[in-house]
Each structure stands twice: as structure tokens, then as C-alpha cells.
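Reading the structure
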Amino acid sequence: MDAMNTKRQEDAVNKMVQNEIKMSGKDVCVSYGEKQALFDVNLDIPAKQVTALIGPSGCGKSTFLRCLNRMNDTIDICKVSGDIRLDDQDIYDHDIDVVELRARVGMVFQKPNPFPKSIFENVGYGPKIHGLVRSKSDLEEVVVKSLQRAGLFEEIKDRLHEPGTGLSGGQQQRLCIARAIAVSPEVILMDEPCSALDPIATAKVEELIDELRENYTIVIVTHSMQQAARVSQQTAMFHLGKLVEVDETDTIFTNPSNQKTQDYITGRYG
Amino acid sequence: MTDTTNTYVKTASLEERRSLQKKRYASERKFKYLGLGAILVSLGFLVMLLMTIVGNGIPAFTYNYVKLPIDLTKVDPEKPEKANYGKFVKSAIADAIPYMSDRKGKRLARGLVSGGAAIDVRNQVVGDVSMAGQNADVEVPVSDFADLYLKGLTAKPILTKPDAAIKVSDVEGDVDVTLSAAVFDEFLARVKETISSEASRLNTRMANLQLSLDNQREIAANSQDTLAVESAKKSITSLEAQLAGFKTKFDALIVRRNNTAAREVLDTSMPSLLLKVGGGVVKITEVEGMSAKGEVIIPLEQKEASAGEWQMQEILEAEENRKFSDKEVAVVDRLVAEGRIENRLNTIFFKKGASREPELAGIWGAVVGSFFTMIITLALSFPLGVAAAIYLEEFAPKNKFTSIIEVNINNLAAVPSIVFGLLGLAVFLNFFELPRSAPLVGGMVLALMTLPTIIIASRAALKAVPPSIREAALGVGASKIQAVFHHVLPLAMPGILTGTIIGMAQALGETAPLLMIGMVAFVVDVPAGIFDPATVLPVQIYMWADFPEPGFQQKTAAAIMVLLGFLILMNAIAVLLRKKFERRW
Ligand SMILES: Nc1ncnc2c1ncn2[C@@H]1O[C@H](COP(=O)(O)OP(=O)(O)O)[C@@H](O)[C@H]1O
Ligand SMILES: [Mg+2]
């Protein structure tokens, strides 16, 4: 009985540690000019977990994701209000350096977009501009490590100085992941990273995401319910710019509390 | 669903579809052939243009020089520039052409050598002092018409070796020529042809006169206006007199033409015939099948020659229609035979600046002027244009102000270039008081003209870089500047460079704005810097095209070739840069 109690307590502690909040959004509203795209979204993103954002097209998943590293700043007409925090610090605060924020919150895009440069330069670019490496050998180490973590190194180790654009689609996407992790971010945002990939490449990337969870907090937008179920621990369902439901992935997929979520995951619309 | 389609859409029958298909194929074929035709036509024009330019220009790249034995013994090696080279050249010409001994002949001989020969010799001696104090064979340029003749561009002769023996009555002065066979027949026939065509020309003039005569007669007969009748009567008498004069002339010509064997007197309106016989030259003045009268131009050594040992030289172009007389032809031919004439690369053309004498005018001044001007243009318009494009494309907020700027830049590209010249005149010359005719100002004006081109091309190139590249850079934490300079700009570079080179090529060929700021000035010296008065290639071409001398016509074509050469070179560089920087993404 005692033993069981302690076990329970341990679990609870574990869970609390696990559920330490890395990023959080409070009352996030986003509008593009006249058109409001997000309405009062409140979402916590637990550390070292994968959070999946799902929902029908145009419901604001990407918009929310791009708020998390202020990628929306690049769009002139985009206005963000509300409170978004990274480690309890408001990232829209005046004295936040966007460049530094984006180094901490990396991003992987829907379509693989390696620079038209060599694989080495692709991965080394981030560390170089952030001054993370002192010497050439340091840089080499970072590049190799990042490629290894992205599970790409073995495949391309003799081609480090060939153009990154010459790789296959799946390899390119993993290269982009390697490029993102080369600057040692804390959070990685992924916007439908597998939508342009074939099933085998997708499986590889999913496997990679699962491994990366150990060290990084990951937020992934996905269109595939199976993918959300496979890789994420928490799932947030968006609909028409509103956050409809957020819960542990298992719960969402087995016992959604919202009818819309139920409809969506059973494929009734979307 | 399928039901509705079947009910509402009446499907075309097989034949209808066939004929539709046929029509479609036919129109496609027609369009294809039209396109092909258009390309062939423009290609044809291009080839024609190039061929005329190259054909006209090539001769100007070489020039003929005559070797003169010049007595330089009186030149002081200490002060070689101080001697009277004009006199030396004059006496050297007299030595080289001794058979032109009378005053007129001497003048003619001197006219065969370039007017700038003395200056040229002085320059040569100053350049190589060891020539001073010696008797030296010096090469000097021939006159422009002699050069044209030597290149076969004027007074083109036909040489034949007749199959008859010849006897000339004397070695100099007026002579009689007798032949053993009627080898002059053919030439005589040509003379008759000339007469015949002159007769027909006269005929048309007579017809015209007759028309106006009839007209006046009508007025005289029917007009109520006494004044008009009076003046009509006056013109009738004068017209009748003219017509009568023409008529007699015409009749005489017809008689001459019809009498095919009759002796003809050769005046300057007739083809010329020169005989190269016994070491001299006889110009024929009266000709018949087997005999002729003539005048010795270059004294003979022998009065007789057998078949195959003498030559007939016919020049069909009438002497009065050309600027190179029979005597000059004879003398130049003699100089060639003596090996005194050499055709070689026209160093003057490539090394010298402008001159009023075609044989002394060169392209180098204009090339250097163009070079300095282009440097200024590039140095101003490239950084400014690219910076403006980057700002507008990557950083500028999208508001009314920037869109007004955008529209105006696009409009600037369509402004006629001469307007930029006016602007340059008003602002750079009159307000800032910069030097006239200087490459600095020319470059500034052309930079203004090139800027819109570069900005538009650069913006298009920047826009063509996919946004995903920018996102990728920003996503790993590059600042906006870093994203632009590390990733976007390098990818846009080929497009930017192509646009720049196209803009520069435009500027290189521009004349009008430079005329406004005085770069049309006659500049003899090759400019040494951007403040020196200078001219540029297209302006030089423009000026040369305006000069009447045929020597300048050649130079014009040659200068166009040089300009085209530079343009082709620039375009080749653009292609190479494109290839080199081009990357796929
Ligand atoms: N750059 C933009 N400018 C204007 N409207 C945008 C822009 N990006 C997205 N939107 C709008 O915002 C809404 C949400 O878009 P998005 O976040 O991309 O949806 P999702 O990623 O869920 O498919 C859509 O209605 C879309 O039209
Ligand atoms: Mg999206």
C-alpha cells in the first residue's frame, strides 16, 4: 500500500516536471488588416513534449504557430495582441530581441527550404551568425552533431559540401530540422513539416520528432490525425480562429469533449 | 449527376469534332509559320545590317602608307622637334616621284600624301631620335583618296593584257598610238554605250522641257490675264531655245553612237583608258579600233611593246565624277609597282583622337572618353540603384508615399534621354558649374538615365527570390539585413547584374543627352581624366557620319563596329555572370 502510494506520488511529481510550461499564450488575438484570424486563444505548451495543433484549413494554426517566434512580424498587416510568454517572459515585450528569440524558438516550414548553398553552410549558418562557435573545428562539430541528431549524417556524410537543394525532399526537410537545431533552440516550431513528403520520408521525420522530444519542446501543425496521434503528447484543436479544445493527445483521440473535435478527428469535415 | 450532363449538353457529332480539330490544327500551324516568318524577317534585316556595317567598316581598320626617302641630315638630334619637316617631306615626295616635275605635277604628287605627313614624321623622329641626322626611309600615311583608291573603293580599274603589239610615237608629250590589232574595239563599244546612255538622259530632259513648253503655250493661248500671257510668252522663247540646243546635242550624240567604228574624243565625262607601256603611262584622249591619240603621264623608256608586254587600264567611272584623277591613278600605281606602298593595321585609327583630316582621325579618344564616362555611370548608378531597389523591395513600408515613388521610378524609365541631358545642363553645368564636355558630367547624366533601369531590374530580381528563402533565414534567427545580404541579394545578383549591364549598354550607345552637355565638342587630345574635355563613341560616330569625306564614311562604319564590339562584349559578360552566379533552389 505504501509502496503504491509512493509510486503514485512519484508519478505525480514526474507529471508535474513533465508539465512544466515552456510557452504560453493568453488571450491571443491576431488580425490581418480588417480580418481577424485568431480569437482569444489560451494555450500552454508544456516543455519537452510535442504539442500538435490540428483543425481544418484556414482555422489559424499557422497563424498561432508564427506568433510563437514572432514570424508574423514580417507581415505588415498582421497585428497581434494578448500575451505570449516564453519561460515567463513576454516575447512581444519591447526589450526582446527578435533575432535572439528566433534563435531560441526555431522553425521548420511546410515546404523544405534549404538555402541554395552546401549542406555544411546550411547547417553552419545559424551558429555562425549567432557567434556560437569560436573556431572552424567548433563549427564542424556543431554541424556534424546537428546532422547526426537530425538523423541525416550517415546518409550524406560524403556530400557535406554539395548543395543542400540536391537532396531528396525528405532529406531536405531533415536538413532544415538540422539547421534549426544547430543554434540549440529550446523550442522548435514545425508547420506541417511532412505535408510535402512521401510516406517513408514522413515516417523518418516522425521518428526524428519523437527523438527530439527528449531535448526540445516541439509544437507541430499537422493535417494528419494519425500523425498527431503518433507523435504528440498534447493536442490542440482549432476551429474558425478559436481554440476549441486542448488536452492530452490520448484523451482527445479517445474521448473528445467537444463535438467539433469529434467530428474533425473522425473525418466528418476538414 | 451524369444524367444532367447527358440531358443538357448536346454532344457534338464525330464529324463536327473532326472538323473542329482540323481547324484547330490549321490555326496552330498558321500561327507557328507566322512566328517563324517574323523571326526570319528580323534575322534577315539583322544580317543585312551587320553585313553593310562590316563591309563598310573593315577597310578602315587598315591604312596605306607610302615609304619616302626623307633627308633628315639637317635635324638636330638635341632638338628634333625644331626642324622644318614640311620641307623635308616636300622634297622627299619630289625625289620619290621625279616624273611629276612641273608645278602642277608636283602639287598633284604632294596631294597623294596625307596633309599630316610632316607632323607624323616629326612624331616618329621625336619618338626615335636615332633617325635624326640620317637619310631614312620613313613611312607616312597616303591621302584619304589615295587610300580609297588603293582599297578599290574609288576609280576601280580593269586591267587587261591585249593581244596586239603597240607602237607609241614619242616618249613624252602628245603621242600617236598604233596597234597591230583592233583591241580598242571593246573599249570603244563601252564609250558608245556611255554616249547612248547620255543621249537617253538628254531625251528625258527634252521630254520634260517639251511638257513645260506645252504648258506655257496653253497659258499663252487661253489665259485672260495679260500679265500671265506676257510671262508665258517669255518663257516659251527661252524654252524653245533650250530645246533646240538640246536637240542638236542629242542628234550629234545619236550620230556618234550609231557610227560604231568612228573615232571618239575622250573628255572627262567618258570612261578613261590608260596604257601602261614601255615603263611609262599614256592616257588616251582619242580612240579608234586600232589607233589612238594620247598624252604621256609618266615618260616611257621604250616606244614599242609586243603583245602581252603592255597593259590596258580602263576606268569606267567618268573622271569628272570622281575625286581621284587619272594622273593620280597612274602615279599611285607606279608607287605600288615600286613597292613603296604598304597596307597595314591603321594604328592612327586605334591610337589617336579626332581630327578634321580623315586619315589622321582616330577612335581612341572616343574610346577613352566612353570608358571614363561608363566608369562614372557605373560607380554612381550601380550602388544607388541596388540600394534603392533593396530598400523599396525589402524594407520600405507599403504606403502611399512608397507607391508614389514606385510609380515615378517606373515613369522615369520612359523619359526620353534628351530630357536627362537638359537636366544635366541645367543642374550640373549651370548650377554646380561643373566642367563642360567632361566625362564626369556625362557619366552623371547617364547615371540618372540608367538608374531607373537598374532599380527596376534589381527589384524584379529581388522579387523573384522565393519568400521561403527569407523565411528560412529569419527562422534561424538572421536579422532582416542579414537575411537580405546573406541570402536574398546573392540569389538576385545575376538578375541585378544583367539589368545593370543592359542599362550600361544603353548608356554606352546614348548620344542625345551628351550633346546637351557639350560632349560633342571637337576634342583632338585623348582625355587623361574625368575632368578633361572628351567625346564618346556614339557622339564620335554621329560627328563622323556628318562629314562629307568618303574617308570619314569608312571611319563611321568602323567606329560603329568598335561600338558594337563593346556592346557584344558587355552582353557576353552579362551572360557569363548569369551562368556563373546562377543557382537553383
Ligand atoms: N499573410 C496573410 N495575410 C492575410 N491573411 C492571412 C495571411 N495569412 C493567413 N491569413 C488568413 O488567416 C486565416 C488563418 O490562416 P492560417 O493560420 O494560415 O490557417 P491554417 O494554417 O490553419 O490553415 C486564414 O483565413 C487566412 O486567410
Ligand atoms: Mg497553415
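To start, this report covers the structure provided alongside it.

Reading the values: the criteria
Residues numbered from 1 in each chain as written. Chains lettered and ligands numbered in written order. Predicted model: local features only at pLDDT ≥ 70, side-chain atom pairs only at ≥ 80, totals over all residues. Heavy atoms only, no water. Helix = DSSP H or I, 4+ residues; strand = E, 2+ residues; numbered from the N terminus. Rg over C-alpha atoms; globule rule 2.2 N^0.38 Å. Buried < 20%, exposed > 50% of the residue type's maximum accessible area, 1.4 Å probe, protein only. Areas by Shrake-Rupley, 256 points an atom, 1.4 Å probe, with all protein chains shown as cover. Patch = residues over 30% accessible without salt bridge, like charges linked within 9 Å, V, L, I, M, F, W, Y side chains within 5 Å. Salt bridge = Lys/Arg side-chain N within 4 Å of Asp/Glu carboxyl O. Lys, Arg positive; Asp, Glu negative; His and termini not counted. Charge placed at Lys NZ, Arg CZ, Asp CG, Glu CD. Axes fitted to C-alpha atoms, helices over the stretch in contact; angles between N-to-C directions. Parallel < 35°, antiparallel > 145°, perpendicular 65-115°, else oblique. Left-handed = near helix turned anticlockwise from the far one by under 90°. Nonpolar A, V, L, I, M, F, W, Y, C, P; charged D, E, K, R; others polar. Pairing = 2+ DSSP bridges. Contact = heavy atoms within 4.5 Å. Near = heavy atom within 4 Å. Polar contact = N/O pair within 3.5 Å; in protein donor to acceptor, adjacent residues only side chain to side chain. Buried area = accessible area lost by both parts, 1.4 Å probe. Arc of directions from axis to C-beta.

**Describing the overall build of chain B**
The secondary structure content of chain B amounts to 19 helices and 12 strands. Over its C-alpha atoms chain B spans a radius of gyration of 36 Å, topping by over 25% the 25 Å that the globule rule assigns to 585 residues. Along the first, second and third principal axes, the C-alpha atoms of chain B reach 105 × 90 × 65 Å. A buried classification covers 43% of the 585 residues belonging to chain B.

**A few points about the overall build of chain A**
Along the backbone of chain A there are 11 helices and 10 strands. Relative to a compact globule of 270 residues, whose C-alpha radius of gyration would be 18 Å, chain A shows 19 Å and is just as compact. Principal-axis analysis of the C-alpha atoms gives chain A an extent of 60 × 50 × 40 Å. Summed over its atoms, the accessible surface of chain A is roughly 13,000 Å², and 48% of this surface lies on carbon and sulfur atoms.

**Some points on a positive patch on the surface**
Residue and element names in this part refer to chain B. Where like charges cluster on the molecular surface, the positive patch consists of Lys90, Arg103, Lys104, Lys106, Arg107 and Arg110. When residues of the positive patch are assigned to their parent elements, the largest contribution, 5 residues, is made by helix H4 (residues 103-111). As for its placement among the helices and strands, Arg110 is situated in helix H4. Relative accessible area serves as the criterion here: at 32%, Arg110 is assigned to the partly exposed category.

**With respect to the packing of helix H7 (residues 185-222) of chain B against helix H8 (residues 226-258) of chain B**
Residues and elements named next belong to chain B. For the pair H7 and H8, interaxial distance at closest approach is 8 Å and the crossing angle is 160°. Taken together, the axes of H7 and H8 are roughly antiparallel relative to one another. Considering the relative orientation of H7 and H8, their crossing is left-handed. Across the contact of H7 with H8, the residue classes tally to 18 nonpolar, 7 polar and 10 charged.

**Regarding the pattern of salt bridges**
Summed over all chains, the structure comprises 35 salt bridges over all chains. Its salt-bridge partner being Glu471 of chain B, residue Arg66 of chain A comes within 3.0 Å of it at the nearest N-O pair. Of this pair, Arg66 of chain A sits in helix H2 (residues 61-68) while Glu471 of chain B sits in helix H15 (residues 467-475), which puts the two residues in different chains. The class of Arg66 of chain A is buried, set by a relative accessible area of 11%. The class of Glu471 of chain B is partly exposed, set by a relative accessible area of 24%. Asp147 of chain B serves as the salt-bridge partner of Lys151 of chain B, at 2.7 Å between the closest nitrogen and oxygen.

**Observations concerning the sheet that holds strand E1 (residues 21-32) of chain A**
Residues and elements named next belong to chain A. Pairing is antiparallel across the open sheet formed by 4 strands, whose spatial order is E2-E1-E4-E5. If you trace the sheet from one side to the other, it starts and ends with strand E2 (35-46) and strand E5 (89-90), each paired once. Of the pairings in the sheet, the one linking E1 to E2 comprises 8 bridges and is antiparallel in character. Counterpart to Gly25 in the pairing with E2 is Leu43. Together, E1, E2 and strand E4 (78-86) form the strand contacts of H2, whose direction differs from that of E2 by roughly 60°.

**With respect to the site of ligand 1**
Residues and elements named next belong to chain A. Taken together, the neighbourhood of ligand 1 is formed by Tyr32, Lys35, Ala37, Ser57, Gly58, Cys59, Gly60, Lys61, Ser62, Thr63 and Ile75. Separating an oxygen atom of ligand 1 from a side-chain N or O atom of Ser62 is a distance of 2.5 Å. In isolation ligand 1 has 550 Å² of accessible area, and contact with the protein removes 66% of it. Secondary-structure elements contributing two or more residues to the shell around ligand 1 are E2 and H2. With 3 residues, H2 is the largest single contributor of residues to the shell around ligand 1.

**A closer look at a nonpolar patch on the surface**
A grouping of Tyr33, Leu36, Ile39, Leu40, Leu43, Leu46, Val47, Leu49, Leu50 and Met51 of chain B is seen on the molecular surface, where their side chains present a nonpolar patch of about 990 Å² in accessible area. Along the chain, Leu43 of chain B falls in helix H2 (residues 14-57).

**Examining the side chain of Glu319 of chain B**
Residue and element names in this part refer to chain B. Among the secondary structure elements, Glu319 is positioned in the loop between strand E11 (311-315) and helix H9 (326-337). What makes Glu319 buried here is its relative accessible area of 17%. Here the side chain of Glu319 touches Asp326 through a polar contact of 3.0 Å, landing on its backbone nitrogen. Every residue in contact with Glu319, bar those within four places of it in the chain, is listed here: Thr268, Met270, Ser272, Lys283, Ser325 and Asp326.

**Notes on the interface of chain B and chain A**
Between chain B and chain A, the contact holds 19 residues from the first and 22 residues from the second. Across the interface of chain B and chain A, roughly 1,800 Å² is buried in total on both sides, 61% from carbon and sulfur atoms. Contact with chain A buries area across many residues of chain B, yet Glu471, Val476 and His487 of chain B alone supply 31% of it, more than any other trio. Put simply, chain B and chain A have 1 salt bridge between them.

**Some details on the packing of helix H11 (residues 364-395) of chain B against helix H16 (residues 480-508) of chain B**
Two measures define how a pair of helices packs: the angle their axes make with one another and the distance between the axes. Residues and elements named next belong to chain B. Two numbers describe how H11 lies on H16: the axes approach to 9 Å, and their chain directions differ by 140°. Classified by the angle their axes make, H11 and H16 are oblique. Like other packed secondary-structure pairs, H11 and H16 cross with a definite hand, here right-handed.

**Structural notes on the environment of Leu112 of chain B**
With respect to the secondary-structure elements, Leu112 of chain B resides in the loop between H4 and helix H5 (117-127). Taking the C-alpha atoms as reference, Leu112 of chain B lies 73 Å from Ser468 of chain B; in sequence the two are 356 residues apart.

**Section: the pairing of E11 of chain B**
Residue and element names in this part refer to chain B. Of all 5 residues in E11, 4 are buried; the element is thus mostly enclosed. Pairing analysis gives 4 bridges linking strand E3 (residues 157-160) to E11, with the strands arranged antiparallel. When the sheet's bridge partners are listed, Ile158 is paired in E11 with Glu314. Taken together, the 5 bridges between strand E7 (residues 272-277) and E11 define a ladder with antiparallel strand orientation. Within E11, the position partnered with Leu274 by the bridge is Gln313.

**Topic: the side chain of Arg174 of chain A**
Residue and element names in this part refer to chain A. As for its placement among the helices and strands, Arg174 is situated in helix H7 (residues 169-181). For Arg174, a relative accessible area of 6% gives the class buried. In this view, Arg174 contacts Ala150, Gly151, Leu152, Glu155, Lys204, Val205 and Leu208; residues no more than four positions away in its chain are not counted.

**Topic: H4 of chain B**
An α-helical turn contains 3.6 residues, so any two residues separated by three or four positions project in the same direction. Residues and elements named next belong to chain B. Those residues of H4 that fall on the buried side of the exposure criterion are Gly105, Leu108 and Ala109. Taken down its axis, H4 places every buried residue within 100° of arc, on the same side. In H4, those exposed residues whose orientation departs by more than 90 degrees from the buried face are Arg103, Lys104 and Arg107. Its buried side turned inward, H4 meets helix H3 (85-96) and H9.

Geometry only, nothing functional implied.
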